[in-house]
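Descriptive analysis of the structure
Here are the chains, one letter per residue:
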Amino acid sequence: MEKPKDDTNAGFDEETLCFSTLDLFIGGTETASTTLCWGLLYMIKYPEIQAKVQEEIDRVVGGSRQPSLSDKDNMPYTNAVIHEIQRIGNTVPLNLVRATVKETQSTAVICSLTSVLFDESEWETPHSFNPGHFLDAEGKFRRRDAFLPFSLVTGERECVLGSNWHGWSCSSFSPLCCSASLFLHQQVAKFAEKYGDILSIRFLGPRIVMLNGYKRVKEVYLQQGDNLAGRPVLPMIYDMAEDKGLVVASGYKWKQQRRFALSTLRNFGLGKKSLEPSIHLECTFLNEAISNEHGQPFNPQILLNNAVSNVICVLVFGHRFEYSDNDFQSLLKNINEAMFLDGRVWAQLYNMFPWLMRRVPGPHKKSFVLWQKVIDFVREKVNAHRVDYDQSNPRDYIDCFLAEMEKLKDDTAAGFDVENLCICSLDLFVAGTETTSTTLYWGLLYMMKYPEIQAKVQEEIDRVVGGSRQPSLSDKDNMPYTNAVIHEIQRIGNIVPLNLPRATVEDTQIGTYFIPKGTAVIGSLTSVLFDESEWETPHSFNPGHFLDAEGKFRRRDAFLPFSLGKRVCLGEQLARMELFLFFSSLLQRFTFSSPAGVEPSLDYKLGTTRCPQPYKLCAVSR
Ligand code: HEM
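Residues numbered from 1 in each chain as written. Predicted model: local features only at pLDDT ≥ 70, side-chain atom pairs only at ≥ 80, totals over all residues.

**With respect to the overall build of the protein chain**
For the protein chain, the helix and strand inventory stands at 23 helices and 12 strands. For the protein chain, contacts bridging at least 24 residues in sequence account for 69% of all contacts bridging at least 6. (Helix = DSSP H or I, 4+ residues; strand = E, 2+ residues; numbered from the N terminus. Contact = placed C-beta atoms within 7 Å.)

This is the structure:
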């Protein structure tokens, strides 16, 4: 770290040190020990081979000293047996994924080691345990070209410890994990083309079943119903909130909490016209804050975050937060950062090796600290409610929950307790903030990128609503173009690309496959929102996807950004209301453009959600 100070790209820093050490540790443990496990198993299975190895050891080494590497050349049979164990044990069957470095768009390449170690044109009896593969007619050790369990010797990513050390690592784990989420959401579609629309993927951790394409995702999510209503236990989340809340709970507790949250939020106007005034008020505040920027470049992300968050805050906590409230703004920034960290390599490593990651430093520790601050904030709100709570006059979700706690005192399994109240409120607050505001953040970016589409939306708003009042939900049916643009922003924004994982509650059949109880299942939303058999131009921003020949709004079955089935997004109706009212109100008041000389970039940042790279815009009053 001290030597090549100027070369920051070489990665000589503390974080890389932690990860490289982790790579060596894991790569040097799991692989070699698995091979030894196979070795002993084969020795039990073939006692006559075991006896021949022992005869050679006794003859060459004797019993008074340990076998040494210098004996190896005199022990061809033992050496052949070890090689054959490695060949037939085939512990890294698919090899580690490589990615092309030049002239292709990060294509994943897998050179299957199974196909090499069992190649029928290379091995005499590929499927039998036969040390003879490595012995010549005179019983001398014989090298074989197709013996490549460490991957390829000439490849730069051959196992670093590999054949000299008799461990078995094969490349580095971090690039694999780092690319895992990217790899999953971009490459799974390509694998689906080749292997079908049900894939089973295993990245060092438990098996995940991936469903691809509108038809398959819809069929499985609807047919499996309750059976697919579980969530897998992810150590990173479990260590923070156990199985509390709305998003990660499963079973009876989840059912009770979801039912209660939906009916309570509906009572306060979720999905109904009665909520419109509170969203209108927030639109007014947001527009005012934006006009205070006087057309100068600024990043609207935190403002959008705050405005959207206020809508759910009124429902859950009973009040909104001023845009000048620095504590609240830094809380929103914490959520933003924690959600980003939770979608990164550290969280994936944590979920794979929790026993280890609990002990090593790194950004995953930061994520815990950030979430703890958010939980403390929610707990403070809950405690304040408990002080002045009046059962006859419930003000918000928290008050209603406190009332339900008294009613359902005896049903402890339903989760009506203070700890669960904190995490349920947190879930509503976070899920209700990040997703909708990220969609609006994409929306303004697309409007800058396609000013002609922005102008058509504004023309429709001017014609239907005019400038003297705010757009209302009752205008929506008369604004098919604006509605189509919002839908297209949600489709192409694809903010939850892999959906949230589900888990099977019972052993089950998906297609022709048997899926054991507790398996994680992911219905990829990318594969649905970009399904080439459903969308005319899946990769272009095209509001025409949602318009018929006469320019009327056209619903599309494959429009599933909120997922579907038993755990479909609980806030779908709220989000749809918010998107229409905020978006049309913003375009009624402003024209958005990129700062002079800056070309809007559609690059994204992938954390838990898929978010635009931070950008600035100019909002000029109309
Ligand atoms: C554009 C905005 C939004 C998008 C794209 C979105 C998307 C999603 C998706 C894909 C899921 C996973 C569904 C599944 O497992 O199949 C989900 C779950 C959830 N969403 Fe949303 N969401 C949005 C807004 C909201 C809002 C405003 C709220 C606040 C009430 C909310 C609350 C939730 C909750 C509580 C869950 C978990 C439901 C459960 O596990 O039963 N979401 N959302």
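Moving on from the model shown.
**Remarks on the site of the ligand**
Close contacts around the ligand come from 26 residues, with Ala431, Gly432, Ser563, Cys569 and Gly571 the closest. Secondary-structure elements contributing two or more residues to the shell around the ligand are helix 19 (418-449) and helix 23 (572-589). (Near = placed C-beta within 6 Å.)

**So, helix 12 (residues 276-291)**
Compared with the 22 Å implied by 1.5 Å per residue over 16 residues, the 22 Å span of helix 12 between its first and last C-alpha is a close match. Burial in helix 12 covers these residues: Ile279, Glu282, Cys283, Leu286, Asn287 and Ile290. Buried residues in helix 12, looked at end-on, bunch into an arc of 140 degrees, giving them a common side. Of the exposed residues in helix 12, the ones pointing more than 90 degrees away from its buried face are Pro277 and Glu288. In this fold, the buried residues of helix 12 make contact with helix 13 (301-316), helix 23, strand 9 (590-593) and strand 12 (618-621). (Expected span 1.5 Å × (residues − 1). Buried ≥ 20, exposed ≤ 12 C-beta atoms within 10 Å, placed from the backbone. Arc of directions from axis to C-beta.)

**Looking at the domain arrangement of the protein chain**
As far as domains go, the protein chain holds domain 1 (29-92 + 111-149) and domain 2 (185-621). For domain 1 and domain 2, the distance between their C-alpha centres works out to 54 Å. (Domains from an automatic or database assignment.)

**Describing the UniProt feature "binding site: heme" (unreviewed entry) in the protein chain**
Mapped onto this structure's residue numbering, the UniProt feature "binding site: heme" (unreviewed entry) falls at Cys569. Relative to the assigned elements, Cys569 resides in the loop between helix 22 (525-529) and helix 23. The exposure class assigned to Cys569 is partly exposed, which follows from the 17 C-beta atoms found within 10 Å. When sequence neighbours within four positions are dropped, the list of residues in contact with Cys569 reads Phe562 and Ser563. (UniProt positions renumbered as here; feature names shortened; annotations may be inferred.)

**Focus: the nonpolar core**
Among the nonpolar cores identified, the biggest contains 84 residues, and Val316, Leu428, Phe429, Leu440, Phe582 and Phe583 are the most heavily contacted of them. The leading source of residues in this core is helix 19, at 15 residues. Dropping the residues within four chain positions of it, Phe429 is found in contact with Ile312, Cys313, Val316 and Val378. Core analysis: the next-biggest nonpolar cluster, separate from the first, contains 23 residues, Leu498, Val528, Leu529 and Phe530 among them. (Core = buried A, V, L, I, M, F, W, Y, C linked by C-beta atoms within 7 Å.)

**Description of the confidence of the model for the protein chain**
In the predicted model, the protein chain carries a mean pLDDT of 86, and 88% of its residues have values of at least 70. Segment residues 159-183 is flagged for pLDDT under 50; beyond a separation of four residues in sequence, or across chains, it makes 55 contacts in the model. The ipTM, which scores confidence in the relative placement of chains, is 0.99 for this predicted complex, and the corresponding pTM is 0.75. (pLDDT = per-residue confidence, 0-100.)

**So, the sheet that holds strand 3 (residues 198-201)**
Strand order in the open sheet formed by four strands is 3-4-8-5, with mixed pairing between adjacent strands. With partners counted over all chains shown, the strands left at the sheet margins are strand 3 and strand 5 (502-503), one partner each. Looking at chain direction, strand 4 (residues 208-211) and strand 8 (residues 520-523) are connected through four bridges and run parallel. Within strand 8, the position partnered with Ile208 by the bridge is Ala520. (Pairing = 2+ DSSP bridges.)

**Describing the packing of helix 3 (residues 47-60) against helix 4 (residues 76-89)**
Two elements in contact, helix 3 and helix 4, have axes separated by 8 Å at closest approach and are oriented at 140 degrees. Looking at the two axes, helix 3 sits oblique to helix 4. Regarding helix 3 and helix 4, the two cross each other, and that crossing is left-handed. Residues Ile49, Lys52, Val53, Glu56 and Ile57 of helix 3 pack against Tyr77, Thr78 and Val81 of helix 4. When grouped by side-chain class, the residues that make up the contact of helix 3 with helix 4 number five nonpolar, one polar and two charged. (Axes fitted to C-alpha atoms, helices over the stretch in contact; angles between N-to-C directions. Parallel < 35°, antiparallel > 145°, perpendicular 65-115°, else oblique. Left-handed = near helix turned anticlockwise from the far one by under 90°. Nonpolar A, V, L, I, M, F, W, Y, C, P; charged D, E, K, R; others polar.)

**Describing helix 9 (residues 214-224)**
Among all positions of helix 9, only Tyr214, Arg216, Val217, Val220, Tyr221 and Gln224 are buried. Turning to helix 9, the residues buried within the fold contact strand 3, strand 4, strand 6 (508-510), strand 8 and helix 22. The positive-phi residue at the C-terminal boundary of helix 9 is Gly225, with phi of around 45 degrees.

**Details of the pairing of strand 4**
As paired strands, strand 3 and strand 4 are joined by four bridges and run antiparallel to one another. Across the sheet, the residue bridging to Ile201 is Ile208, located in strand 4.

**Here we look at the packing of helix 2 (residues 30-45) against helix 4**
Each pair of packed helices gets described by two things: the angle between the helix axes and the distance between those axes. Between helix 2 and helix 4, the shortest axis-to-axis distance is 9 Å and the interhelical angle comes to 110 degrees. Taken as axis vectors, helix 2 and helix 4 run roughly perpendicular relative to one another. Touching Thr35, Trp38, Gly39 and Tyr42 of helix 2 are Ile85, Gln86 and Gly89, all from helix 4. Residue composition of the contact of helix 2 with helix 4, grouped by class: three nonpolar, four polar and no charged.

**Overview of unusual backbone geometry**
The phi angle at His294 is positive, at roughly 50 degrees, despite the residue not being glycine. Look at His294 and you get exposed, because 11 C-beta atoms sit within 10 Å. A positive phi angle, near 45 degrees, is found at Asn494, a position not held by glycine. Within the secondary structure, Asn494 is located in the loop between helix 21 (480-493) and strand 5. On the basis of neighbour counts, which here come to 20 C-beta atoms within 10 Å, the residue Asn494 falls in the buried class.

**Comments concerning the environment of Gln224**
Looking at the secondary structure, you find Gln224 in helix 9. Among the residues examined, Gln224 registers 21 C-beta atoms within 10 Å and is labelled buried. Sequence-wise, Gln224 and Leu617 are 393 residues apart; in three dimensions their C-alpha atoms are separated by 45 Å.

**Describing the environment of Lys366**
In this structure, Lys366 sits in helix 17 (residues 363-388). C-alpha of Lys366 to C-alpha of Asn542: the two residues are 176 residues apart in sequence and 40 Å apart in space.

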